[in-house]
Amino acid sequence: MKKWAVAVAAILLLFTGCSNNKETVKKPVNNEKPDTNQANKPDDVVKADPYFYPLTGIATDTKPDQRAVAVMVNNHPKARPQSGLNKADIVYEILAEGNITRFLAVFQSEKPTNIGPVRSARVYYINLAKGLNALYIAHGYSPEAKKLLDSSYVDNLNGMVYDGTLFKRSSARKPPHNSYITYANILKGAELKGYTMKGSPPAFTFYSVEESKSLTGQEAKSVSITYSKDGTFNSKFQYDETLGKYKRYSAGEQTVDLETGDPILVDNVFIIEAVHKTIDAYGLRDINLESGGKAYLLQKGKVNEVEWANKNGRIIPVKNGEEIPLVQGKTWVNVVPTNPGIHSSISFNVQ
């Protein structure tokens with residue numbers, strides 16, 4: 001019996017020694033102390049910092065390497081409500097001809113099923129898409145825009161080529177307010193043309209969630225932007241304290257998605273002043289989105305008077321030459337003419 005007990009003790013001692021040579025506690029990450037309760041948590045894994053969507057700053061567990069898509073969206077009253085705008089990371093609202101505004105809706109973090117009505121291209125919208133390395137989607141073009149698109153300046157799909165195939169006409173609306181494209185058909189068109197859909201756009205700068213809670217500025221519970229005397233194309237953003245976001249209105253009517261009825265909710269309203277020139281009898285415009293100038297930035301119910309700059313094709317808010325972060329979420333950029341000017345075009349806290 002004594003020999004048997006000694007043998008068992010020797011075996012136990014051998015296994016104990018081997019066990020002590022193995023790493024039983026996971027190495028700390030970023031100088032954090034090991035979790036002393038880790039033995040009670042099977043398969044416990046320390047997660048790395050998340051990735052962030054470059055156009056919204058919102059965290060994601062997977063690397064957002066998909067390419068952005070920029071779509072020309074109609075804003076004529078006969079085109080409202082539109083489809084897909086509620087999924088856009090950024091929307092640029094700019095005058096086309098006359099007092100009519102048009103949207104460039106940029107999608108990267110979310111992919112709407114249907115987008116439209118799709119309208120024709122203008123040079124300054126193309127340049128914005130180029131700055132985000134986006135696949136540019138339009139139906140039609142101005143003469144100068146056609147030259148730019150034909151030169152392969154930017155990867156693009158146009159309804160003038162794919163009407164009835166990639167682009168579909170809605171029987172519920174009349175031309176030119178009834179051209180739509182699905183996200184599935186955008187991907188199909190990209191494959192057809194040999195365009196890559198990899199390569200995320202350059203990232204904007206964002207506040208952390210905690211930083212955004214302590215933003216300062218003048219109170220701005222609403223802002224109205226005048227584009228037309230009759231109000232048809234005027235925009236308004238109303239801050240919702242409960243949601244912590246801005247709701248958008250066109251001509252006094254809330255902007256919602258056609259299919260779902262979901263409202264447009266925005267975290268940053270960025271209003272910039274740019275030089276507009278009429279270049280032909282039809283009313284086509286040349287808009288200078290290069291020089292920088294006066295701007296307002298609305299975030300969390302506050303407004304600050306800032307400036308805007310063009311940084312490698314991207315329109316960004318700046319103060320004293322430094323880029324101002326955006327609140328994480330969606331952004332709406334309104335461009336107004338220097339004549340009559342940003343101060344004449346904008347009204348705050350008007351019910």
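Anything mentioned here points back to the structure above.
The rules behind these values
- Residues numbered from 1 in each chain as written.
- Predicted model: local features only at pLDDT ≥ 70, side-chain atom pairs only at ≥ 80, totals over all residues.
- Heavy atoms only, no water.
- Helix = DSSP H or I, 4+ residues; strand = E, 2+ residues; numbered from the N terminus.
- Buried < 20%, exposed > 50% of the residue type's maximum accessible area, 1.4 Å probe, protein only.
- Contact = heavy atoms within 4.5 Å.
- Areas by Shrake-Rupley, 256 points an atom, 1.4 Å probe, with all protein chains shown as cover.
- Salt bridge = Lys/Arg side-chain N within 4 Å of Asp/Glu carboxyl O.
- Axes fitted to C-alpha atoms, helices over the stretch in contact; angles between N-to-C directions.
- Nonpolar A, V, L, I, M, F, W, Y, C, P; charged D, E, K, R; others polar.
- Pairing = 2+ DSSP bridges.

Peer 1: What am I meant to see in the overall build of the protein here?
Peer 2: Regarding its fold elements, the protein presents seven helices and 25 strands. A buried classification covers 48% of the 351 residues belonging to the protein. In the protein, once contacts between residues fewer than 6 apart in sequence are set aside, the share between residues at least 24 apart is 62%. Counting only carbon and sulfur atoms, one obtains 53% of the accessible surface of the protein, whose full area is about 18300 Å².

Peer 1: I tried to follow the pattern of salt bridges on my own but got confused; where do I start?
Peer 2: Pairing between side chains of opposite charge can happen when the charged atoms of each approach one another. In this structure the tally under the stated criterion is 14 salt bridges. Among the salt bridges present, the one from lysine 146 reaches aspartate 150, with a minimum N-O distance of 2.7 Å. Placement of both lysine 146 and aspartate 150 in helix α3 (residues 143-150) is noted, with a separation of four residues, approximately one turn of the helix. Linking lysine 247 and aspartate 240 is a salt bridge whose minimum nitrogen-to-oxygen distance equals 3.1 Å. Each of Lys87, Glu110 and Lys330 takes part in one network of salt bridges that share partners.

Peer 1: Looking at this structure, I do not really get the packing of helix α2 (residues 123-131) against α3. What am I missing?
Peer 2: Two packed helices can be described by the angle between their axes and the distance between those axes. At their nearest, the axes of α2 and α3 sit 8 Å apart, and the two run at 30° to each other. Contacts between α2 and α3 involve Val123, Ile126 and Asn127 from the first element and Glu144, Ala145, Leu148 and Leu149 from the second. In terms of residue class, the contact of α2 with α3 is built from five nonpolar, one polar and one charged.

Peer 1: Explanation requested: the sheet that holds strand β9 (residues 167-169) in the structure shown.
Peer 2: Whether parallel or antiparallel, the strands of a sheet pair through hydrogen bonds between backbone atoms. A sheet is described by the order of its strands in space; here three strands give the open sequence β6-β10-β9, paired in antiparallel fashion. What marks the edges here is a single partner per strand, and that holds for β6 (114-115) and β9. Judged from the two bridges that link them, β6 and strand β10 (residues 179-182) form a sheet pairing that is antiparallel. Paired with isoleucine 115 across the strands is isoleucine 181, a residue of β10. Along the sheet face, helix α5 (residues 183-193) touches β6, β9 and β10 and points at about 75° away from the line of β10.

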